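# Breakdown of the fold
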Amino acid sequence: MSEDRLSRVFAALADPTRRDIVARLAVGDATVGQLAAPYNVSIQAVSKHLKVLEDAGLVSRSQDAQRRPRHLEAEVFDLMTAWIERYRRQAEERYRRLDAVLASMDDESEPITNKGAAS
Amino acid sequence: MSTNATNETTTRETTIQADPNLPTIRIIRDFDAPPDKVFRAWIEPELVAQWLGPKSTEMKIDEWNARTGGNYRYAALQDGEEVATFYGSFHEVRPNERLVQTFTWEGMPDGVSLETMTFEDLGDGRTRTIGLSVVENLEARDGIMASGMEVGVYEGYEKLDALLAKG
């Protein structure tokens, strides 16, 4: 049962347009029209994407009957956090290579006078 | 928005700041080397080539004129094959303090980011680098951060899984 919902979440986020919609709702609630604006697709197409996200429990609509702005469910922020964390780790990996380069520069280049002592 | 990493941490782990309202990414990291040395590792091509390129790729530098007004171009090689090429200009090279570059991936030639790197002397032979990337809009910024998002999403699922189990 919960597995069923999980697989809907998987499927919902497998699409790049829907991931983009999620990213934009993370910034703030938005109406279907606002969400459709940057895409070269119809409001209906965006509504379809939103329906998939809503069925997966990732997006809800507020009670405001007129505009019905879409709202990102809080759980998704965990995904967003994971997303930033992934990017951070990539940067950290790169900088660890730089650590190694800096360490090797010690060995082969001019004397470094004030190497900081740890502790 | 900040992250609370549960993985191993050292005192100088990379910090990422992505402003929800501005198309910027800020990357902060401390190094156990003085500014002049860190700066050299950023501008001398034979040093840059050892660390800058993406993981599991080799960096082939075609052009590298690290002076104010100069330019650069490099390719990432995977098994000897070019998988991505990047280019830009050195807007300002201020030794040991500040490096300002434009950056474009040739796969998206209309996209350009402005990369400002500042090197802060922390004393005791240590340096803090602060890299600020400014891109065209929030969508572009999110797209950059989402590269490799599939993996990030899968990692995130573990948390989501637990939340769903509660509900």
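See the structure printed just above.
Attention in this report is confined to the structure presented alongside it.

About the thresholds
- Residues numbered from 1 in each chain as written.
- Chains lettered and ligands numbered in written order.
- Predicted model: local features only at pLDDT ≥ 70, side-chain atom pairs only at ≥ 80, totals over all residues.
- Helix = DSSP H or I, 4+ residues; strand = E, 2+ residues; numbered from the N terminus.
- Buried ≥ 20, exposed ≤ 12 C-beta atoms within 10 Å, placed from the backbone.
- Contact = placed C-beta atoms within 7 Å.
- Pairing = 2+ DSSP bridges.
- Expected span 1.5 Å × (residues − 1).
- Core = buried A, V, L, I, M, F, W, Y, C linked by C-beta atoms within 7 Å.

### Details of the overall build of chain B
What chain B contains, in helices and strands, is four helices and eight strands. Considering chain B as a whole, with its 167 residues, one finds that 22% of them fall into the buried category. Sequence separation of 24 or more characterises 34% of the internal contacts of chain B that already satisfy a separation of 6 or more.

### Overview of the pairing of strand β6 (residues 98-105) of chain B
Residue and element names in this part refer to chain B. In terms of strand pairing, strand β5 (residues 81-94) meets β6 through six bridges, oriented antiparallel. Across the sheet, the residue bridging to Phe90 is Gln101, located in β6. Judged from the six bridges that link them, β6 and strand β7 (residues 113-123) form a sheet pairing that is antiparallel. Along β7, the bridge assignment pairs Gln101 with Glu115.

### Observations concerning unusual backbone geometry
Residue and element names in this part refer to chain B. Backbone geometry at Asn96 places phi at a positive 65°, although glycine is not the residue there. With respect to the helices and strands, the residue Asn96 is situated in the loop between β5 and β6. The backbone phi angle of Asp124 is positive, close to 55°, even though this residue is not glycine. Secondary-structure assignment places Asp124 in the loop between β7 and β8 (126-134). Its 12 C-beta neighbours within 10 Å are what place Asp124 among the exposed residues.

### Topic: helix α2 (residues 16-27) of chain A
Helix length check: α2 of chain A, at twelve residues, gives a terminal C-alpha distance of 17 Å against a target of 16 Å (1.5 Å per residue), a fit within 8%. Residues Arg18, Arg19, Ile21, Val22, Ala23 and Leu25 of chain A constitute the buried set of α2 of chain A.

### A word on the pairing of β8 of chain B
Residue and element names in this part refer to chain B. Bridging between strand β2 (residues 24-31) and β8 involves eight bridges; their strand directions are antiparallel. Residue pairing across strands places Arg26 opposite Leu132, the latter belonging to β8. Here β7 runs beside β8; their pairing, made up of nine bridges, is antiparallel. Across the sheet, residue Glu115 finds its bridge partner in β8, namely Ser133. Taking the residues that link successive antiparallel strands as the turn, the β7-β8 hairpin has two residues, and the phi of Asp124 there is positive, at about 55°.

### Some points on the nonpolar core
Of all hydrophobic cores here, the largest spans 16 residues; its most connected members are Ala12, Val22, Leu53, Leu58 and Val59 of chain A. Where this core is concerned, the elements lending two or more residues are α1 (2-13), α2, α3 (32-36) and α4 (43-55) of chain A. Looking at which element gives the most residues to this core, the answer is α2 of chain A, with four residues. Residues contacting Val59 of chain A, with those up to four places away along its chain left out, are Leu25, Leu50, Leu53, Glu54, Arg70, His71, Leu72 and Glu73 of chain A. With 13 residues, the next largest nonpolar core counts Tyr95 and Leu102 of chain A together with Val38 and Phe119 of chain B among its residues.

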